[in-house]
Amino acid sequence: MKTYQMLVDGAWVAAESGRTLAVMNPATGEVMARVPEAAAADVDKAARAARRAFDEGWRDVTAQERGRILFRLAEQVRKDVKALAELETLNSGKPLVESEYDINDVATCFEYYGGLATKLHGEVLNVPDNAVSLALREPLGVAGQIIPWNYPLLMAAWKIAPALCAGCTVVLKPAEATPATAIALARILDAVSDLPKGVVNIITGDGPTVGAPLVAHPAVDKIAFTGSVEVGKRIMRSAADTLKKVSLELGGKSPNIFFADADFESAVDGALFGVFVNQGEVCSAGSRVLIQRPIYKKMLDAMVEKAKRIKLGSGMDPATKMGPLVSKEQMERVMRYQEIGRKEAKVASGGGRPREPELQKGYFVEPTIFYDVDNSATIAREEIFGPVMSVIPFDDEKDAIRIANDTPFGLAAAVWSRDIFKVFRVVRRLQAGIVWVNHMQPTYVEAPWGGYKMSGIGRELGPWGAEEYLQVKQVHVNLNEAPIAWY
Ligand code: NDP
């Protein structure tokens, strides 16, 4: 079995303590590799290396060169799609076809930010004086980045690419459960990109022992985090001590709204895909399915019929449509919600673990549909992060908007209807950072990603993503040759 090392200051190292952590294959419940179990001393080394790399060189590397590095990375990731996708599936459980999709997106993300590097510029300001006034954009410095386990390599790309594009250096901590592809990416970085040492450091370990000291470290200027609201709040509190900039992507309880005039077949598929893709381990999962009463029963029946046919299995099997959840812990968490749901609403489909003998060792749960759910129920309010759909009926447009917005979250929403006027009335009223119309989940690096309300702070992707790693410097150039003659 492989024991990986981590990348700190341009060197492949073990944890200072020599300790390692097991990396599991969630389809079998077996250990697939081991990684260093880093701690505060390792974080300190990585943060100092990133600081040195920034202060002593990376900040002066031209945007053109940063762009070329990102393009080289993208090219190698594209060449390695198959191998990276297999590793992603083995470690996260998701079906191979979804991993391949993710890894292609990783390459696209590096390409996008490679191109953007030379398009980030400042402004010349029209001040009322004989002067040149400039607003320059400069990199923030060292970025600490903490990512989750649901899209392991894609989340790493969403963090590393804009940071390098903006001229920052990085210390990235993958989730303890899914470090495999982040380490594989570090190998690519090391091998092909000619990145100076210390510019990207990848450090493995768990949240409290690696993430927390990274957030507190004085050499780190910014924290970018994706994960739970609870940890997001903790990060914000801790970052206050050193006044770090933070960006937080914290998930949601997104409404997927179906009006009676929606295209019926697309609606059924859109509702299922919205919450069951990636085993429901999706921050923007359309986990609250709001259906207008005239089509409520018909759509529920159609969804149940299709949901019962979703094939569970190892992500490596091409027939699999839904893999295992990422960990035993996450499986048990989702099962607790299934139990709560059975008391709060009616079960239309699933509701427990699958019974097939070959699925007993892995962390599988059934795709589950609860219906007649009240929006005040726990399963309609809390993020489950698994394949659990809560179906809620609504009367009219006003009712749909009221229910949709009645949540502490505000990451995403979707509206399905053929009436463009109604659609736009609803879109304008939805409190969500991302709104899809007649679709759910397509995500593009060109478009902003982030939430309203408790779903986070800041935006990822597009130019907004790079902006999170920049700060603005005002420069005033006096063109008056005479002294100011004030005294
Ligand atoms: P967490 O928020 O705990 O994990 C996200 C990342 O934060 C991981 O890298 C984790 O490390 C790290 N972390 C944990 N504690 C700290 C800390 N004190 N300081 C710094 N970093 C820390 O999510 P969980 O994995 O526990 O999942 C629980 C729930 O969170 C899910 O069911 C889901 O509802 C939500 N979630 C939302 C995500 C999203 O995309 N918005 C993604 C993942 C989860 P490690 O895991 O190594 O301990």
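Here the structure is shown first, and the text comes after it.
Residues numbered from 1 in each chain as written. Predicted model: local features only at pLDDT ≥ 70, side-chain atom pairs only at ≥ 80, totals over all residues. Heavy atoms only, no water.

Participant: So what about the overall build of the protein chain? Which residues, and what values?
Facilitator: Looking only at helices and strands, the protein chain has 15 helices and 21 strands in total. Scaling as 2.2 N^0.38, a compact globule of 487 residues should have a C-alpha radius of gyration of about 23 Å, and the protein chain matches this with 24 Å. Overall, the C-alpha framework of the protein chain stretches about 80 × 60 × 40 Å when taken along its three principal axes. Here the protein chain holds 487 residues, and 56% of them are scored as buried. Considering only intrachain contacts with a sequence separation of at least 6, the fraction spanning at least 24 residues in the protein chain is 73%. When the accessible surface of the protein chain is totalled, it reaches about 20,700 Å², and 54% of it is carbon and sulfur. Within the protein chain, the 60 negative side-chain charges are centred at a point lying 3 Å from the centre of the 57 positive side-chain charges. (Helix = DSSP H or I, 4+ residues; strand = E, 2+ residues; numbered from the N terminus. Rg over C-alpha atoms; globule rule 2.2 N^0.38 Å. Buried < 20%, exposed > 50% of the residue type's maximum accessible area, 1.4 Å probe, protein only. Contact = heavy atoms within 4.5 Å. Areas by Shrake-Rupley, 256 points an atom, 1.4 Å probe, with all protein chains shown as cover. Lys, Arg positive; Asp, Glu negative; His and termini not counted. Charge placed at Lys NZ, Arg CZ, Asp CG, Glu CD.)

Participant: I'd like to hear about the nonpolar core, residue by residue, with values.
Facilitator: What tends to happen in soluble globular proteins is that the nonpolar side chains get buried as a cluster. Phe110, Tyr113, Met299, Met303, Ile369 and Met389 are the most contacted members of the largest nonpolar core, which totals 109 residues. By residue number, the principal contributor to this core is helix H5 (residues 152-166), which donates 12 residues. Residues contacting isoleucine 369, with those up to four places away along its chain left out, are Leu272, Phe276, Leu300, Met303, Val304, Ala307, Lys346, Val347, Ala348, Ser349, Met389 and Val391. Core analysis: the next-biggest nonpolar cluster, separate from the first, contains 29 residues, Ile257, Met331, Ile401 and Val426 among them. (Core = buried A, V, L, I, M, F, W, Y, C linked by side-chain atoms within 4.5 Å.)

Participant: Residues and numbers for unusual backbone geometry, please.
Facilitator: Leaving glycine out, the prevailing phi sign among residues is negative, and the prevailing peptide bond configuration is trans. The backbone of leucine 243 shows a phi angle near 50°, a positive value even though the residue is not glycine. Of note, leucine 243 is situated in the loop between helix H8 (229-240) and strand S12 (245-249). Unlike most non-glycine residues, asparagine 438 shows phi in positive territory, near 55°. Mapped onto the fold, asparagine 438 is located in the loop between strand S19 (434-437) and strand S20 (456-457).

Participant: Before we move on, can you summarise the environment of alanine 466 with the specific residues and values?
Facilitator: Mapped onto the elements of the fold, alanine 466 is located in helix H15 (residues 462-467). Residue classification places alanine 466 among the buried positions, given a relative accessible area of 0%. Remark: the alpha-carbon pair of alanine 466 and proline 162, spanning 304 residues in sequence, is separated by 4.8 Å. With sequence-adjacent residues up to four places away left out, alanine 466 is seen in contact with Tyr113, Leu116, Leu120, Pro162, Cys165 and Ala166.

Participant: Which residues make up the site of the ligand, and what values go with them?
Facilitator: Taken together, 27 residues are adjacent to the ligand, and Ile147, Trp149, Lys173, Glu176 and Ser228 come closest. Tryptophan 149 is positioned such that a nitrogen or oxygen atom in its side chain is 2.6 Å from an oxygen atom of the ligand. Residue alanine 212 places a main-chain N or O atom 3.5 Å away from a nitrogen atom belonging to the ligand. Compared with its free state, where it exposes 860 Å², the ligand has 88% of that area covered by protein. (Near = heavy atom within 4 Å. Polar contact = N/O pair within 3.5 Å; in protein donor to acceptor, adjacent residues only side chain to side chain.)

Participant: Provide a residue-level description of helix H1 (residues 40-55), including the pertinent values.
Facilitator: Across its 16 residues, H1 extends 22 Å between first and last C-alpha, which sits within 8% of the 22 Å expected from 1.5 Å per residue. Among all positions of H1, only Asp42, Val43, Ala46, Ala47, Ala49, Ala50, Ala53 and Phe54 are buried. For H1, the angular spread of buried residues about the axis comes to 160°, placing them on one side. Check the buried side of H1 and you find it contacts strand S2 (6-8), strand S7 (131-139), strand S8 (142-146), strand S9 (169-173), strand S10 (200-202) and helix H7 (207-216). (Expected span 1.5 Å × (residues − 1). Arc of directions from axis to C-beta.)

Participant: Describe the state of the cysteines, listing the residues and the values that go with them.
Facilitator: Scanning all chains against the criterion turns up zero disulfides. Cysteine 109 takes part in no disulfide bond, and the closest cysteine sulfur, belonging to cysteine 165, lies 9.8 Å away. Here cysteine 109 falls in the buried class, since its relative accessible area comes to 1%. In this model cysteine 165 remains outside any disulfide bridge; the closest cysteine sulfur is found in cysteine 168, 9.7 Å from its own. Overall, cysteine 165 belongs to the buried group, its relative accessible area being 0%. (Disulfide = S-S within 2.5 Å.)

Participant: Report on a nonpolar patch on the surface, specifying residues and quantitative values.
Facilitator: On the surface, a nonpolar cluster with roughly 310 Å² of combined accessible area is contributed by Val124, Val132, Val477 and Leu479. Mapped onto the elements of the fold, valine 477 is located in strand S21 (residues 470-478). Classification of valine 477 by relative accessible area gives partly exposed; the value is 33%. (Patch = residues over 30% accessible without salt bridge, like charges linked within 9 Å, V, L, I, M, F, W, Y side chains within 5 Å. Salt bridge = Lys/Arg side-chain N within 4 Å of Asp/Glu carboxyl O.)

Participant: Requested: an account of helix H2 (residues 63-79), with residues and values cited.
Facilitator: Relative to the 24 Å expected for 17 residues at 1.5 Å per residue, H2 spans 25 Å between its end C-alpha atoms, a close match to the ideal helical length. Residues of H2 that are buried include every one of Ala63, Arg66, Gly67, Ile69, Leu70, Leu73, Ala74, Gln76 and Val77, and no others.

Participant: Give me the sheet that holds strand S15 (residues 346-349): which residues, what numbers.
Facilitator: Pairing between the strands of a sheet comes from backbone hydrogen bonds, and it takes one of two forms, parallel or antiparallel. Spatial strand order, S15-S16-S17-S14-S13-S18-S19: seven strands in an open sheet with mixed pairing. Looking at the sheet topology across the chains shown, the edges are occupied by S15 and S19. Strand-to-strand twist across the sheet, computed as the mean angle between neighbouring axes with direction ignored, equals 25°. One ladder, built from three bridges, connects strand S13 (residues 255-258) with strand S18 (residues 412-416); its direction is parallel. The residue bridging isoleucine 257 from the neighbouring strand is valine 415, located in S18. Against the sheet, helix H10 (residues 293-307) makes contact with S13, strand S14 (288-292), S15, strand S16 (368-371) and strand S17 (388-394), and its axis sits at roughly 135° relative to S14, the strand it touches most. (Pairing = 2+ DSSP bridges. Axes fitted to C-alpha atoms, helices over the stretch in contact; angles between N-to-C directions.)

Participant: Tell me about the pairing of S7, residues and numbers included.
Facilitator: In terms of strand pairing, strand S6 (residues 123-125) meets S7 through three bridges, oriented antiparallel. Residue pairing across strands places glutamate 123 opposite alanine 135, the latter belonging to S7. Following S6, the chain reverses through five residues before pairing antiparallel with S7. In the sheet, S7 pairs with S21 via nine bridges, with the strands oriented antiparallel. Considered in S21, the bridge of alanine 135 is made with glutamine 474.

As far as function goes, none of this settles anything; it's purely spatial.
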